[in-house]
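# Structural description and commentary
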Amino acid sequence: MIDLHLPWLELAIVLPLIGAFCVWRLRDVEKARKWCLFFTCAAFATCLGAWQDFILVHASVAGDPWSLSSAMLGWDFFIIDELNAPLLPLASLLYLLTVLATLRTKMRRFSFTWMLITEAIVLATLSCKQPWGVIALLALGAIPPYFELLARKKPTRVYVLHMVLFVALMVLGWSLVQWQASQPEHSPWIFAPLVVAILIRSGIAPLHCWMTDLFEHASFGTALLFTTPMLGAYAAVRLLLPIAPDSVMRIIGMMALFTALYAAGMALVQREARRFFCYVLLSHSALVLVGLDTVRPIGLTGALCVWLSVGLSLAGFGLTLRLLEARHGRLSLTGYHGLYEHTPLLAICFFLTGMASVGFPGTLGFLGTELLVEGAVASYPIVGVAVVLSAALNGIALVKAYFLLFTGTRHVSSVPLEVSRREKVAVLTLAALILGGGLYPQPGVASRHHAAIELLEERGVVFPDDPIHATAERQGDIHDAAAQKEWFME
Amino acid sequence: MPEILHGPGLFGLILLVMPFSLVLLLGLASLVGYQLGESLISRLVQLTCVVGLLAGLGMLAWMLTEGTRYVPLELGHWVEIPHFHFSLKFIFDPLSIPFMLLSFALCGVIGAFTTNYLHREPGFNRFFFCFSLFLLGMVMTSLAGTIETLFAGWELVGVSSALLVAFFQERASPVRNGLHVWTVYRISDAALLIAAVAMHHLRGEGDFAGLLGAGPWPAGHANVTHTQALVVGLLLLVAVAGKSALVPFSGWLPRAMEGPTPSSAIYYGALSVHLGAFLLLRVSPLLDVSVWLSAAVVVLGLLTAIVAALSCRAQTDIKSALSYASLTQVGLIVAEIGLGLRYLPLIHIIGHACLRTLQFLRASSVLHDYRTLENAMGVRPVARDTVGQLLTPGLKSWLYRLAIERGYFDAFLKDYIATPCLRLFTWCDSLERRWTDMLSGTPSRESDALPPSAGSLEDLS
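### Digging into the overall build of chain B
- Within chain B one finds 19 helices and 2 strands.
- Over its C-alpha trace chain B gives a radius of gyration of 24 Å, about what one expects of a compact globule, namely 23 Å for 461 residues.
- By principal-axis analysis of the C-alpha atoms, chain B measures approximately 75 × 70 × 55 Å.
- Sorting the 461 residues of chain B into buried and exposed places 49% on the buried side.
- Contacts in chain B between residues at least 24 apart in sequence constitute 75% of all its contacts with a sequence separation of at least 6.

In structure tokens:
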């Protein structure tokens, strides 16, 4: 495997851990926030460095030089490839912006130490391709929210039941897949535990209730950072996509499609802002899985584009809601709040990020949605119709929420509620990325197309017309499952 | 110098760059919190409209001089990957040029009118930002050479429209109506997007020339089968019905009158309400392929005209009456298109848009106008109910109910589509609540205890 010029990946994982240790010892929350900001900035810079270095080395997969994990394990535990290269900076940016936009009113309730530990786990998960490594890190990542729920004296049973089931099914599922690789006959039913585990982690209905419960009881920041990197989709790409038969992918796609529509409809009837956000997120993250189901370059490219755009836009949307919550407490959606005059910037960002998530023209999500629908129509026309309908329902729900929060009789407050400079930097950064990526989408789409081709090649899809994948159209079921499994177990 | 900057290319670029720059300028100023002065905004809007109009006239003059009826402006691929590309292509032909000129001219007029109308209103900047989005959307839609570009412009018009209906956002009623308009627009947009993808799928590209024939409008010949034309055409017809308030979606039009009068004039009297008819004209070669599609267009247009003409007579405020009068004409225009006419509907659109803009702008002083008219005549003009005398009292009252209820279409959509859907999801929500309550062993939703409004920070302490 080709090496990067510096050990960026391990640095990106170690830096937040060092930061967690430093912040853990501090009593002063303001000082803790500053240190946390420094370490999240450093982790973000390192992830950006990894991405740029990966582009420079012109490899399809690269690893760290002088890697500690390689020295200990004998193989590259952390790698960077076309899929995770932009996901790493995206995830670290979400953490950085969350710290940047954490107000004093929230600091005492939001643990910076746990946040830094979670960041290290998320970055490690996204850098890992080894199935057991991904499973272990996903299981590890489920622990910090549990401790927060305990610390806040909130009910934990819904979350714990789902996460225990998720981890158990993940371990069982992968063990069965490995066992099956040595058997002469293969059955798609062997994938059932793994599929259910991934459906749980991705919040696919009817296994999604842990997510609404988490948003209900955990701090908004924690719930946001646990869900927006979409690690369920990552597990699907790393564990299932290379080896699962088409029928298995289709089941996931159909359930995800149902969730996209169901969650979009549920967002319309929510009476509280966090739950509303959770359903919007569920609907959009399900769309990523719908794109994976197409198993075609255009659909998969669309899914990967939607992954980036939804990750960015809904994180921005969530952060905007969090900033509003910091000023007004939990927000009901049963009456008009009239907040526009106090925080016009938040109103603009709320609208912009919301529209970006539903693929409004000129924003990052537009082409992703277009490609996803195009790919879905090529596979099954009805899927394309359902995707468009879910986007339409989400669009209605988002504008409804905008009107409820920002319009109505002007909110009266005796304290200033304007946006601070730090918050302004956070929301403007997101706005710039959403608009910049929307107006100049070619590099992003081309990079996701490369990633889609790499993933399909791992799956055994061949592109016979030319060596640089110019045809990029799947040629039937050429995929040799046994050969793939053999490759995958190596 | 690049070839595109010569002759028609330069005019085309100016036409696109001016409204885009206006959106960028006003949008960025709002985003960074910089308050632009009223006079500066007004001058920027006027500059954009005047330069755009001149460039449009320049393009028309060039085309007339050269004797050409079709000028494509290809700005390359916005996105290109194997098996998919999104072309930035704009076309200048006998359909796009009049519509684009109309957009610049009427937006210039409305911009000048609004400068005084909204002087010192708190939402002055907000209005003009939405207005600039609308102008960009109209220009993009008019000149679009691909269905994707048309869709992008179509969406910009939709979102600016909904935001302007809810312009007076301190009152709940405009906001509710804004949401209603947005909901119908989203359904319309969904239909258009599906049609766009279907067209892309059929031809492997979204270029109108590929699907509807390369000849200058209206001479193109659609390269699709009868069934394909019917399916894509029906999807487009749903999009048209939503955007132009044709039945059964016509209920949103009087609701949209909650916005400021200038936006009512430009959207629902002049341009936006005609966008559906414009789309039908643009895809008219599809209508030529399928007689069933043409028949559906005629029926929808006539039905809309009849319902709107009836409803117009039962309205109690001038803007609603004007909106239904406008819709009557739009219905007739749509029927004309279905009947195979091409230039007549285009002329009808232009004439109607100009007249209706004037009427809307004079709407606020209509009593004064009537008084002046009566004083000049010396008598009060009395409307003769000639048709009413021919009807039985029972039929008259039935028609009156129909007119007052606006054809019962709103009630039908609410009772049979919106409410059952919302009830279904509310029921699902209650099921989820029971499930999580059971799993957690305690009431799982602390958000249930939230008051309807957050109160102030002092209440939270």
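So, next bit.
### Some details on the overall build of chain A
- A count of helices and strands for chain A gives 22 helices and 3 strands.
- Here the C-alpha radius of gyration of chain A, 22 Å, is about what a compact globule of 490 residues would show, namely 23 Å.
- The dimensions of chain A, computed from C-alpha atoms along their principal axes, are 70 × 50 × 45 Å.
- Split into buried and exposed, the 490 residues of chain A put 64% on the buried side.
- When contacts within chain A are restricted to residue pairs at least 6 apart in sequence, long-range pairs at least 24 apart make up 80% of them.

### Regarding helix 10 (residues 192-202) of chain A
Residue and element names in this part refer to chain A.
- Counting buried positions along helix 10 gives 9 out of 11 residues, so the element sits mostly inside the fold.
- Those residues of helix 10 lying buried are Pro 193, Leu 194, Val 195, Ala 197, Ile 198, Leu 199, Ile 200, Arg 201 and Ser 202.
- Buried residues along helix 10 sit against helix 7 (131-141), helix 9 (157-181), helix 13 (231-240), helix 14 (246-268) and helix 15 (273-294).
- After helix 10 finishes, the residue Gly 203 shows a positive phi value of roughly 70°.

### Remarks on the pairing of strand 2 (residues 84-92) of chain B
- Two strands pair when backbone bridges link them, and strand 1 (residues 71-81) of chain B and strand 2 of chain B are joined in this way by 8 bridges, in the antiparallel orientation. Its bridge partner being in strand 2 of chain B, B:Val79 is matched across the sheet by B:Phe86.

### Description of the interface of chain A and chain B
- Taken residue by residue, the interface counts 70 residues in chain A and 59 residues in chain B.
- The element contributing the most residues to the side of chain A that touches chain B is helix 19 (residues 381-406) of chain A, with 10 residues.
- Per-class residue counts for the side of chain A that touches chain B are 37 nonpolar, 20 polar and 13 charged.

### A look at the confidence of the model for chain B
Residue and element names in this part refer to chain B.
- Predicted confidence across chain B gives a mean pLDDT of 90, with 96% of residues reaching 70 or more.
- Low confidence marks residues 455-461, where pLDDT is under 50. Its contacts with residues over four positions away, or in another chain, come to 8 contacts.
- For this predicted complex, the interface confidence reaches an ipTM of 0.92, while the overall pTM sits at 0.92.

### A look at the domain arrangement of chain A
All names here are of chain A.
- Annotation of chain A at the domain level lists domain 1 (1-129) and domain 2 (130-489).
- Tallying the contact residues gives 32 residues for domain 1 and 39 residues for domain 2.
- Of all the elements in the fold, those that place two or more residues in the side of domain 1 that touches domain 2 are helix 4 (87-100), helix 5 (104-107) and helix 6 (112-127).
- Broken down by element, the residue count for the side of domain 1 that touches domain 2 peaks at 9 residues, all from helix 6.
- In terms of residue class, the side of domain 1 that touches domain 2 is made up of 20 nonpolar, 7 polar and 5 charged.

### Digging into the sheet that holds strand 3 (residues 79-81) of chain A
All names here are of chain A.
- With mixed pairing, the 3 strands of this open sheet are ordered in space as 1-2-3. On the outer flanks of this sheet lie strand 1 (2-3) and strand 3, each paired with one strand and no other.
- As defined by bridge partners, strand 2 (residues 61-63) adjoins strand 3 across 3 bridges and the pair is classed as antiparallel. Residue pairing across strands places Ala 62 opposite Ile 80, the latter belonging to strand 3.

### Details of the environment of B:Ala363
Residue and element names in this part refer to chain B.
- With respect to the element layout, Ala 363 can be found in the loop between helix 15 (343-362) and helix 16 (366-377).
- With 19 C-beta atoms packed within 10 Å, Ala 363 lands in the partly exposed category.
- In sequence terms Ala 363 and Leu 322 are 41 residues apart; their C-alpha atoms lie 8.7 Å from each other.
- With residues near it in sequence (within four places) discarded, Ala 363 still touches Thr 261, Ile 318, Lys 319 and Leu 322.

### Topic: the domain arrangement of chain B
Residue and element names in this part refer to chain B.
- Taken domain by domain, chain B comprises domain 1 (3-365) and domain 2 (409-443).
- Relative placement of domain 1 and domain 2: their C-alpha centres are 37 Å apart.
- In this assembly, 4 residues from domain 1 lie in contact with 4 residues from domain 2.
- Here the residues of the side of domain 1 that touches domain 2 sort into 2 nonpolar, 2 polar and no charged.

### Focus: the packing of helix 15 of chain A against helix 16 (residues 297-328) of chain A
Residues and elements named next belong to chain A.
- In contact at an axis separation of 8 Å, helix 15 and helix 16 are set at 170° when each is read in the N-to-C sense. Taken together, helix 15 and helix 16 sit at an angle that is classed as roughly antiparallel. Residue-level contacts link Ala 273, Phe 277, Val 280, Leu 281, His 284, Ser 285, Leu 287, Val 288, Gly 291, Leu 292 and Thr 294 of helix 15 to Gly 299, Leu 300, Gly 302, Ala 303, Val 306, Trp 307, Val 310, Leu 314, Phe 317, Gly 318 and Leu 321 of helix 16.
- Partitioned by chemical class, the residues of the contact of helix 15 with helix 16 number 15 nonpolar, 7 polar and no charged.

### Examining the packing of helix 12 (residues 220-227) of chain A against helix 16 of chain A
All names here are of chain A.
- Orientation of helix 12 relative to helix 16, taken along the N-to-C sense of each, is 175°, at an axis distance of 10 Å. The angle between helix 12 and helix 16 places the two elements in the roughly antiparallel class. Only Ala 315, Gly 318, Arg 322 and Glu 325 of helix 16 make contact with helix 12, whose side of the interface consists of Phe 220, Gly 221 and Leu 224.
- Looking at the contact of helix 12 with helix 16, its residues break down into 3 nonpolar, 2 polar and 2 charged.

### Considerations on the environment of A:Ala124
Residue and element names in this part refer to chain A.
- Topologically, Ala 124 is positioned in helix 6.
- The exposure class assigned to Ala 124 is buried, which follows from the 25 C-beta atoms found within 10 Å.
- Through-space distance from the C-alpha of Ala 124 to that of Leu 345 is 34 Å; in sequence the pair is 221 residues apart.

### Some details on helix 15 of chain A
- The terminal C-alpha atoms of helix 15 of chain A lie 33 Å apart, and with 22 residues this matches the ideal 32 Å at 1.5 Å per residue to within 8%.
- After helix 15 of chain A finishes, the residue A:Val295 shows a positive phi value of roughly 50°.

### Considerations on unusual backbone geometry
Residue and element names in this part refer to chain B.
- Cis geometry marks the peptide bond from Trp 217 to Pro 218, where omega comes out at 5°.
- With respect to the secondary-structure elements, Pro 218 resides in the loop between helix 7 (208-212) and helix 8 (226-243).
- Geometrically, the link from Val 247 to Pro 248 is a cis peptide bond, its omega value of 5° lying close to zero.
- Of note, Pro 248 is situated in the loop between helix 8 and helix 9 (252-255).
- Phi at Arg 120 takes a positive value of approximately 65°, unusual for a residue other than glycine.
- Along the chain, the position of Arg 120 falls in the loop between helix 3 (96-117) and helix 4 (124-143).
- Accessibility expressed as a C-beta count within 10 Å gives 6 for Arg 120, which makes it exposed.

About the criteria used
Residues numbered from 1 in each chain as written. Chains lettered and ligands numbered in written order. Predicted model: local features only at pLDDT ≥ 70, side-chain atom pairs only at ≥ 80, totals over all residues. Helix = DSSP H or I, 4+ residues; strand = E, 2+ residues; numbered from the N terminus. Rg over C-alpha atoms; globule rule 2.2 N^0.38 Å. Buried ≥ 20, exposed ≤ 12 C-beta atoms within 10 Å, placed from the backbone. Contact = placed C-beta atoms within 7 Å. Pairing = 2+ DSSP bridges. Nonpolar A, V, L, I, M, F, W, Y, C, P; charged D, E, K, R; others polar. pLDDT = per-residue confidence, 0-100. Domains from an automatic or database assignment. Axes fitted to C-alpha atoms, helices over the stretch in contact; angles between N-to-C directions. Parallel < 35°, antiparallel > 145°, perpendicular 65-115°, else oblique. Expected span 1.5 Å × (residues − 1).

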